[in-house]
Amino acid sequence: RLRLRARRAGGDAAAAALPSLLMLIDDFNTFKIFPKIQKLQERDYFRYYKVNLKRPCPFWADDGHCSIKDCHVEPCPESKIPVGIKAGSSNKYSKAANHSKELEDCEQANKLGAVNSTLSNQSKEAFIDWARYDDSQDHFCELDDERSPDAQYVDLLLNPERYTGYKGPSAWRVWNSIYEENCFKPRSVYRPLNPLAPSRGESFYTWLEGLCLEKRVFYKLISGLHASINLHLCANYLLEETWGKPSWGPNVKEFTRRFDPIETKGEGPRRLKNLYFLYLIELRALSKVAPYFERSVVDLYTGNGHEDAESKALLLEIFRDTKSFHMHFDEKSMFAGDKKGAKSLKEEFRLHFKNISRIMDCVGCDKCRLWGKLQTQGLGTALKILFSEKEIQNLPENSPSKGFQLTRQEIVALVNAFGRLSTSIKELQNFKVLLQRTR
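Conventions and cut-offs
- Residues numbered from 1 in each chain as written.
- Predicted model: local features only at pLDDT ≥ 70, side-chain atom pairs only at ≥ 80, totals over all residues.
- Heavy atoms only, no water.
- UniProt positions renumbered as here; feature names shortened; annotations may be inferred.
- Buried < 20%, exposed > 50% of the residue type's maximum accessible area, 1.4 Å probe, protein only.
- Helix = DSSP H or I, 4+ residues; strand = E, 2+ residues; numbered from the N terminus.
- Pairing = 2+ DSSP bridges.
- Contact = heavy atoms within 4.5 Å.
- Disulfide = S-S within 2.5 Å.

The name given to the protein chain in an unreviewed UniProt entry is Endoplasmic reticulum oxidoreductase 1 beta, with the source organism recorded as Anser brachyrhynchus. Quoted verbatim from the Sequence similarities (unreviewed entry) field of the UniProt record, the comment on the protein chain reads "Belongs to the EROs family." What the UniProt record of the protein chain gives under Cofactor (unreviewed entry) is the line "FAD".

Draft legend 1. Spotlight on the pairing of strand β1 (residues 48-51). Of the two faces of β1, the one holding Tyr48 and Lys50 and the one holding Tyr49 and Val51 are both buried throughout. Two strands pair when backbone bridges link them, and β1 and strand β2 (residues 152-155) are joined in this way by four bridges, in the antiparallel orientation. Within β2, the position partnered with tyrosine 48 by the bridge is aspartate 155.

Draft legend 2. Inspection of the UniProt feature "active site" (unreviewed entry) in the protein chain at higher detail. Under the present numbering, the feature "active site" (unreviewed entry) in UniProt falls on Cys365 and Cys368. Note on placement: cysteine 365 falls in the loop between α12 (339-359) and α13 (366-386). Mapping cysteine 368 onto the fold places it in helix α13. Setting aside anything within four residues of it in sequence, one finds cysteine 368 in contact with Thr164, Tyr166 and Val363.

Draft legend 3. Expanded view of the state of the cysteines. All told, the structure shown has one disulfide when counted by the stated rule. There is a disulfide in this structure between cysteine 57 and cysteine 362, and the S-S distance comes to 2.0 Å. Across the S-S bond of cysteine 57 and cysteine 362 the torsion is about 75°, and the bridge reads as right-handed. Taken together, the residues cysteine 57 in the loop between β1 and α3 (83-87) and cysteine 362 in the loop between α12 and α13 connect sequence positions 305 residues apart. For cysteine 362, a relative accessible area of 5% gives the class buried.

Here it is in structure tokens:
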């Protein structure tokens, strides 16, 4: 099995093998993954995502939200949300479990009603954060609590990710903070891959290769996520607007500006390689989490029994496909040193990524914030899975686990985030065709 380890030894052989590996990923994604993941994302269980877009930025004063109309996110009316999703617990999936959870909620509401009626929304948020603290120790992301008074359901199909016009100092500040303050590097090294940052030249990459594997992986994950988001914006760009009817589509000029080797002084191809790296990481996570969903206790419950069964069958089919692709990233090579040092590095890795998820609350465009939070949470869930192998292997078959758990929010983010990566790989093939036509 090909192990995608970043090693200096054997680097020439790995470089020679890279183009063929990328072609294998392209074909695998195009013919096996993309059609199925697109279909799964249209299912009710995966299209409705509950998110709090009103959380204040924890790192700097709010510099104003995007006033462009395409930045707006239209929340979904409660009447449109499937009854099983509205009633469902974060960690329970079966019909029986959801009904019991409804009774628990009613009893709890009656007990708290007399003393809780005068609490402000801010106080309620504080109690919610306090109550969920113990459950967040294995999370790589800052989670939105679904019971928050500001959390709303969003129909992802009606609020697609695309270029809204949000750019400039506010957007630059977010990515700058992610790279400059959260990637592992000395302050003397310039921030990487920020579109507005001056070119660093080869010395930057000489320094990067000097880092340990785990810190290089962290950087590549963030770079890959950045590249994927940029690809979405290039592929779904506002081309023109006539008589109030916008036209969206691929913008070859924008794609060239962000990814062309000459235009980007060699940076573009590196960004795209990191996109493929991220794809392999999340692909690996999906293959490893399969036993969690293969249990009969997991129903993906929405209240529509027929659709729920079809959704689970399609999800399990995708899991089988992920297992058939043998060139996975091998996470066993990470955090493999002495136990104390490895544990400390893993915790540092987790906290750095969690901090990045908090930065998403600083994005000024609501639609960009929605998709940034979802994709960051999806990647965080993938990391949580990769480092929970023993817990997943020891799951009980017919009862909920008290160890490894995934909330519905994490499941929806995991599937949709991988769907976004699958779309990025597909759109990249489309841009290659468009570029050939323009030559």
